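Chain and residue survey
If you want the building blocks of each chain, they are given just below.
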Amino acid sequence: MSREFSGTGQYLGRTASCPLTTETAYTLAGWVYGDANDGKGLIGLKVDNNDFIALYATQVTGSTNAIRFGHFSGTWNEFTSTDTWNENTWSHVALVVASDTSRRIIVNGDWTNSVTDTDTANPATFTEVYLAIDNPANGQTFTGRLAHWAVWNTNLSQAQVEGLAGPFTSDAQSGSGDNPLAVQTANLVAYWPLVGTRSPS
């Protein structure tokens, strides 16, 4: 299952009853299959246009693809993964936030080489959540396919993130990772299977 997004204003949004509110510990995770996306939003959580966070598929040092976390609250703060994702191949992405000064990006379950950040980023109460864009006011839409995106209101463990990424093949029709519906279910607050015709699972 996956959903394809054209990058021309296609995205999904929930503007009421946001699954995350004031939690300072949370996890965002899902599968990505894209082409050359530079600064394009994968998932965004918004307080308002002056206070939001997002994960981006981005390019660093020329054509190297990475995942970037950004937080805007009057000023812009960000950090970028060292692990990369390949174009036109399924990759698993996770952001694990343990507190407002402790977060990490994990690509394809590689916790050992994940990047951590300690800058303060604790938005006020989230009111909206989006997939395939960071914030409609910014318009950074993603081009490619997304699948199995989920939100937990706790920080998942290394073993749980590695399980979500799972053993994986690159043919975009197979691969295995734990279903988000079976991971830390008491804290799973949102899940989008993104039903389609091509799948990483």
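The model shown is predicted, which means the values in this text are computed figures rather than measured ones. (Residues numbered from 1 in each chain as written. Predicted model: local features only at pLDDT ≥ 70, side-chain atom pairs only at ≥ 80, totals over all residues. Heavy atoms only, no water.)

1. A word on unusual backbone geometry
Even without being glycine, Asn108 reaches a positive phi, approximately 55°. Position of Asn108 among the secondary structure elements: in the loop between β9 (102-107) and β10 (115-117). (Helix = DSSP H or I, 4+ residues; strand = E, 2+ residues; numbered from the N terminus.)

2. A closer look at the confidence of the model for the chain
Put simply, the chain has an average pLDDT of 83, and 85% of its residues get 70 or more. Element-level mean pLDDT values for the chain span from 82 in strand β5 (residues 51-60) up to 94 in helix α1 (residues 158-165). A low-confidence stretch, residues 168-175 (pLDDT under 50), is modelled with 23 contacts involving residues beyond four sequence positions or located in other chains. Here residues 197-201 is a poorly scored stretch, pLDDT under 50, and it has 24 contacts once near neighbours within four places are set aside; other chains count. (pLDDT = per-residue confidence, 0-100. Contact = heavy atoms within 4.5 Å.)

3. Examining the packing of aromatic side chains
Counted under the stated rule, the structure contains seven aromatic pairs. Each ring, one from Phe52 and one from Phe72, has its centre 5.9 Å from the other, and the planes form 35°; the classification is tilted. Within this pair, whereas Phe52 is found in strand β5, its partner Phe72 is found in strand β6 (residues 64-72), the two being separated by 20 residues in sequence. Taken together through their ring pairs, the aromatic side chains of Phe52, Tyr56, Phe72 and Trp76 make up a single cluster. Over the aromatic face of Tyr33 sits the side chain of Arg145, whose NZ or CZ is 4.0 Å from the ring centroid. (Phe/Tyr/Trp six-rings, centres within 6.5 Å; stacked < 30°, edge-to-face > 60°. Lys NZ or Arg CZ within 6 Å of the ring centre and 35° of its normal.)

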